[in-house]
Amino acid sequence: FEKVRELLRRFAQTAAGRAEVGRLEPLDTLEAATTRLRQVGQMGCFLSAGGLLPLRGARDVDRYFERLHEQGRPLEPIDLLELRDLIENGRALRAVFLGERGEAAPDLRTLAGTIEDCPDFRERVERAVDPGGKIRDEATPRLTRLRARLRTLETFVARRMDDLVRSGVSVITPTYNHARYIRET
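Residues numbered from 1 in each chain as written. Predicted model: local features only at pLDDT ≥ 70, side-chain atom pairs only at ≥ 80, totals over all residues. Heavy atoms only, no water.

Draft legend 1. Focus on the overall build of the chain. Secondary structure summary: the chain contains 8 helices and 2 strands in total. Going residue by residue from the N terminus, the α and β elements of the chain occur as α-α-α-α-α-α-α-α-β-β. Taken against the 2.2 N^0.38 rule, which gives 16 Å for 185 residues, the C-alpha radius of gyration of the chain at 26 Å runs more than 25% over that of a compact globule. On the principal axes, the C-alpha backbone points of the chain span a range of 90 × 35 × 30 Å. Out of the 185 residues belonging to the chain, those deemed buried represent 18%. Taking as baseline every contact in the chain between residues at least 6 positions apart, the subset at least 24 positions apart corresponds to 42%. Summing over all exposed atoms, the chain offers an accessible surface of approximately 14000 Å²; the carbon and sulfur share of this is 56%. (Helix = DSSP H or I, 4+ residues; strand = E, 2+ residues; numbered from the N terminus. Rg over C-alpha atoms; globule rule 2.2 N^0.38 Å. Buried < 20%, exposed > 50% of the residue type's maximum accessible area, 1.4 Å probe, protein only. Contact = heavy atoms within 4.5 Å. Areas by Shrake-Rupley, 256 points an atom, 1.4 Å probe, with all protein chains shown as cover.)

Draft legend 2. Looking closely at the nonpolar core. With 6 residues, the main nonpolar core is built from F46, V96, F97, A105, L108 and A112. For this core, the secondary structure elements donating two or more residues are α5 (77–98) and α6 (106–112). When residues no more than four places from it in sequence are discounted, the contact partners of L108 are Q39, Q42, M43 and F97. (Core = buried A, V, L, I, M, F, W, Y, C linked by side-chain atoms within 4.5 Å.)

This is the structure in C-alpha cells:
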C-alpha cells in the first residue's frame, strides 16, 4: 500500500494534497473501493480531455486552524484573504463539476455538490479587509470612530508642533515607526 501512496503523492498538486495522500488507509468495503476507483477514473477522463482544476493559490488551511485552536491567536487580515480565495477556488471547482463537464463524471459531481459556498464569510472578509491586507476603517462602527479620532489627534499634534516651531521654541521632530510615535532619548 505504501507504494500506491508514493505513486499518488507524485501526482498531488498541493502540499495539502500530499499530506492527505499520506493519511490514506486501505478502504474497509468493496463498495467504498469501487466508488473511489470510479472517482479516480472519472478524474482521469476529465484531465485527459483537457479539463483543468481551479487550484490557483490553494493553501494549506491546517496552519490557520492550528493558530486559532492550539495557539489561541487570531488570524491576520492576509490570512482571511487567503481563506476567502480558497473558498472562491472551491466555488470554481464546484461550478466545473456541477456544470456541463460534470455530466460525464457523476461521482465527482456528487462530491463537488458538498463544497460549501460560505457567502457570509466571504462578504464579511471583503467588507473588513482591503485587497492589500489592511483592516478597513469601516470594518466595525467602533473602529471607524477610533480611527477618525486618531486622525483628529494626529492633525492636532502636527498643528501644535508647527505652532511651536513658528514661535521659536526648539522642538524635537517626532519620529514614527509603523504609525507609532517613538520618543527620542
